[in-house]
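Okay, here's what each chain looks like letter by letter:
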Amino acid sequence: MSLSFPGWDEGYILPDKPKGSIQLDFSSAYLAPNPDAETTTSDRAVILLTDDFGLPLKNPKLIADALAERLRCDVWVPDYFNGLNAIDLVPQRVLDQMTTWDKWRLKWKTILPFIGAFWDSSPSVVDKRLASFIALLKEKKGYKKIGAVGYSYGGAACIRLASTGLIDCAVICHPNLPSPSPSLAQVRAICVPVSWVCAESDHFFSNSIQHQCKAELAGRKGTDRFVEFEFNEYKGTVHGFACRPNLEYPLLVESCKYALDQTASWFEKTLVSES
């Protein structure tokens, strides 16, 4: 992870208080329950894969709450860093008041505790945890279909999950893909409907990589490998806007809400309403 990439450690903590709870019997994942659970049973669920800040940040919990309310199904946020992520979100307003030297000192101070978690949470390790978590959900909860939405690190994990048969659809939000290889190989393996939430300016998911991913999926049209897909780019946004927007800029707040609406609409189409 390069410190020269802006946005990976910046953003805002969303307002409000999470309504769900941590489920110790499900690897300490957060559950935003189906609001209709007392009267209606749903065999559909969504898992939300966080960015590098993981489950301690309340933002993914609030997004999960919003999705559960709209989709009327359970939404889970797994602790796929196994409690080891230690990096803290740095609000943009704090960075704006600091000198360049202070910013670099802060970046080193925040990234050093994260190094151990970074190595322990490599894609191969995280993917095994996710496979075990999804198997647990299907066994204990009886879900017949599961969708996944991921942000940044979680967006990249979603791309990998979308080729495994473990999930039925996905929403990929500004994924952390700094290079086209092996990322494009992973995109070529996608086998479920995918919706992409893209920032206009993103060092981790550049316009060039975005276009290559779109071309790969569009090139399948007319073949048995075709899957439904969509790409939406939000003007004036940067990496991280869909989960931790700078609340001082109405455009970013609005774009975050539109990204959430895109996510919910995709799941309504490919998960909730599907037989």
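Provided above is the structure to which this section pertains.
Notes on the structure in this doc start here. (Residues numbered from 1 in each chain as written. Predicted model: local features only at pLDDT ≥ 70, side-chain atom pairs only at ≥ 80, totals over all residues. Heavy atoms only, no water.)

Looking at the environment of Val-238
Topologically, Val-238 is positioned in strand β8 (residues 229–238). The exposure class assigned to Val-238 is partly exposed, which follows from its relative accessible area of 44%. Sequence-wise, Val-238 and His-174 are 64 residues apart; in three dimensions their C-alpha atoms are separated by 8.7 Å. (Helix = DSSP H or I, 4+ residues; strand = E, 2+ residues; numbered from the N terminus. Buried < 20%, exposed > 50% of the residue type's maximum accessible area, 1.4 Å probe, protein only.)

Topic: the pairing of strand β2 (residues 29–32)
The two faces of β2 match: Ala-29 and Leu-31 on one face and Tyr-30 and Ala-32 on the other face are all buried. Bridging between strand β1 (residues 21–23) and β2 involves three bridges; their strand directions are antiparallel. By the bridge assignment, Ser-21 is partnered in β2 with Leu-31. Where β1 folds back onto β2 in an antiparallel hairpin, the turn is made up of five residues, including Ser-27, whose phi is positive at roughly 55°. Across three bridges, β2 lies against strand β4 (residues 74–77) in antiparallel orientation. Bridge pairing in β4 places Leu-31 opposite Trp-76. (Pairing = 2+ DSSP bridges.)

Focus: empty space enclosed by the protein
Counted under the stated rule, the structure contains one cavity of 30 Å³ or more. Considered as a void within the structure, the largest cavity measures approximately 50 Å³ in volume. When residues of the lining of the largest cavity are assigned to their parent elements, the largest contribution, three residues, is made by helix α1 (residues 59–71). A per-class count over the lining of the largest cavity returns six nonpolar, two polar and one charged. (1 Å grid on protein atoms, 1.4 Å probe; cavity = no way out; pocket = protein on both sides within 12 Å on 5 of 7 lines; lining within 4 Å. Points joined across faces, edges and corners; volume = space filled by probe spheres on them. Nonpolar A, V, L, I, M, F, W, Y, C, P; charged D, E, K, R; others polar.)

A look at the side chain of Lys-61
Topologically, Lys-61 is positioned in helix α1. Comment: no salt bridge for buried Lys-61; closest opposite-charge side chain is Asp-65, at 9.3 Å. Of note is the side chain of Lys-61, whose polar atom sits 3.4 Å from the backbone oxygen of Leu-55. If we skip the residues at most four places from it in the chain, Lys-61 touches Pro-18, Tyr-30, Leu-55 and Pro-56. (Lys, Arg positive; Asp, Glu negative; His and termini not counted. Salt bridge = Lys/Arg side-chain N within 4 Å of Asp/Glu carboxyl O. Polar contact = N/O pair within 3.5 Å; in protein donor to acceptor, adjacent residues only side chain to side chain. Contact = heavy atoms within 4.5 Å.)

Shape is all these values report; function is a separate question.
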